[in-house]
Amino acid sequence: KEDLVDHEGHKLFPPRFSETVSVTLNVHEAAAYDAVMDYVDSYYGASTTLARSIYGKRAASSLEAAAATLRRRAEALKGAAHERSTPIAPVDLITEAGLGAAADDDDAWAAAETAVIAAKTKDKAGELTTVANLLDGIAAAQAAAAPAKWLELEELLRTHEISPGRGQLLVFTEFADTARWLRD
């Protein structure tokens, strides 16, 4: 596409480039992230590694993605106890050495998240209270300051002079919850 030219030899399309941008969470986001990880450490026991992988990836994507998973967890906890089980990671997702061959498999991660959400709990009432408090904390963090990733996105738009009708920006995100948050 970059090599296409018109009859006069002018390029038909503007140049494209990509960049990965590192973003440091603001203090509110970092505290919410840490609170989510503390929750996992407190309630997931033997399944902590799998749960930390799921909640950590989602919280790093956006607080909205973490909140969506926590809301799904609360709904699962409100259901019948016989519907919960011990989470088992999909084959070769997480190994003794770290991430396995299935680490790039979106279906494996989706299955792992489903397993983590449906995990057994030793303290249903306590966990529901903790999840509710986490959701309140995430909402407070979101209200306290503009998200660091959003501020970085705005800066990229300014830097590259992208505005409605001028230029294009394509943002890749792993989770639909984060994409919906960005859209909204």
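Residues numbered from 1 in each chain as written. Predicted model: local features only at pLDDT ≥ 70, side-chain atom pairs only at ≥ 80, totals over all residues. Heavy atoms only, no water.

Comments concerning the packing of aromatic side chains
Then, number 1: In total, this model carries 5 aromatic pairs according to the counting rule given.
Then, number 2: Where Tyr-44 meets Tyr-55, the ring centres are 5.9 Å apart and the plane angle is 55 degrees; that geometry is what we call tilted. With Tyr-44 in the loop between α1 (27-43) and α2 (48-61) and Tyr-55 in helix α2, this residue pair connects regions lying 11 residues apart in the sequence. Grouping residues by exposure puts Tyr-44 and Tyr-55 together as buried.
Then, number 3: Ring plane angle 70 degrees and centroid distance 6.3 Å describe the contact between Trp-150 and Trp-181, whose orientation is recorded as edge-to-face. With Trp-150 in helix α6 (residues 148-159) and Trp-181 in helix α7 (residues 176-183), this pair connects stretches of sequence that are 31 residues apart. (Phe/Tyr/Trp six-rings, centres within 6.5 Å; stacked < 30°, edge-to-face > 60°. Helix = DSSP H or I, 4+ residues; strand = E, 2+ residues; numbered from the N terminus. Buried < 20%, exposed > 50% of the residue type's maximum accessible area, 1.4 Å probe, protein only.)

Focus: the side chain of Asp-177
Then, number 1: Mapped onto the fold, Asp-177 is located in helix α7.
Then, number 2: In this structure Asp-177 comes out as buried when scored by relative accessible area, which is 10%.
Then, number 3: A distance of 3.3 Å separates the side chain of Asp-177 from the side chain of Arg-72, its partner in a polar contact.
Then, number 4: Residues contacting Asp-177, with those up to four places away along its chain left out, are Arg-58, Glu-64, Ala-65, Ala-68 and Arg-72. (Polar contact = N/O pair within 3.5 Å; in protein donor to acceptor, adjacent residues only side chain to side chain. Contact = heavy atoms within 4.5 Å.)

Overview of unusual backbone geometry
Then, number 1: Of note, Glu-161 is a non-glycine position whose phi angle comes to about 50 degrees, a positive value.
Then, number 2: When you line up the elements, Glu-161 lands in the loop between α6 and α7.

Re the packing of α1 against helix α5 (residues 124-144)
Helix packing geometry: the angle between the two helix axes and the distance between the axes.
Then, number 1: Relative to each other, α1 and α5 sit at 170 degrees, their axes nearing to 9 Å. By the angle class used here, α1 and α5 are roughly antiparallel. From α1, His-28, Glu-29, Ala-32, Ala-35, Val-36, Tyr-39 and Tyr-43 reach across to α5, where they touch Gly-126, Glu-127, Thr-130, Val-131, Leu-134, Ile-138, Ala-141 and Ala-144. (Axes fitted to C-alpha atoms, helices over the stretch in contact; angles between N-to-C directions. Parallel < 35°, antiparallel > 145°, perpendicular 65-115°, else oblique.)

Quick word on the pattern of salt bridges
Then, number 1: On inspection of all chains with the given rule, the structure shows 13 salt bridges.
Then, number 2: Close ionic contact of Lys-78 with Glu-75 constitutes a salt bridge, the shortest N to O distance being 3.7 Å. Residue Lys-78 and its partner Glu-75 are located together in helix α3 (residues 63-78), separated by 3 residues, close to a single helical turn.
Then, number 3: Classification of Lys-78 by relative accessible area gives exposed; the value is 53%.
Then, number 4: Given a relative accessible area of 52%, Glu-75 falls into the exposed group.
Then, number 5: Because the salt bridges share partners, they merge into one network encompassing Arg-58, Arg-72, Glu-113, Asp-177 and Arg-180. (Salt bridge = Lys/Arg side-chain N within 4 Å of Asp/Glu carboxyl O.)

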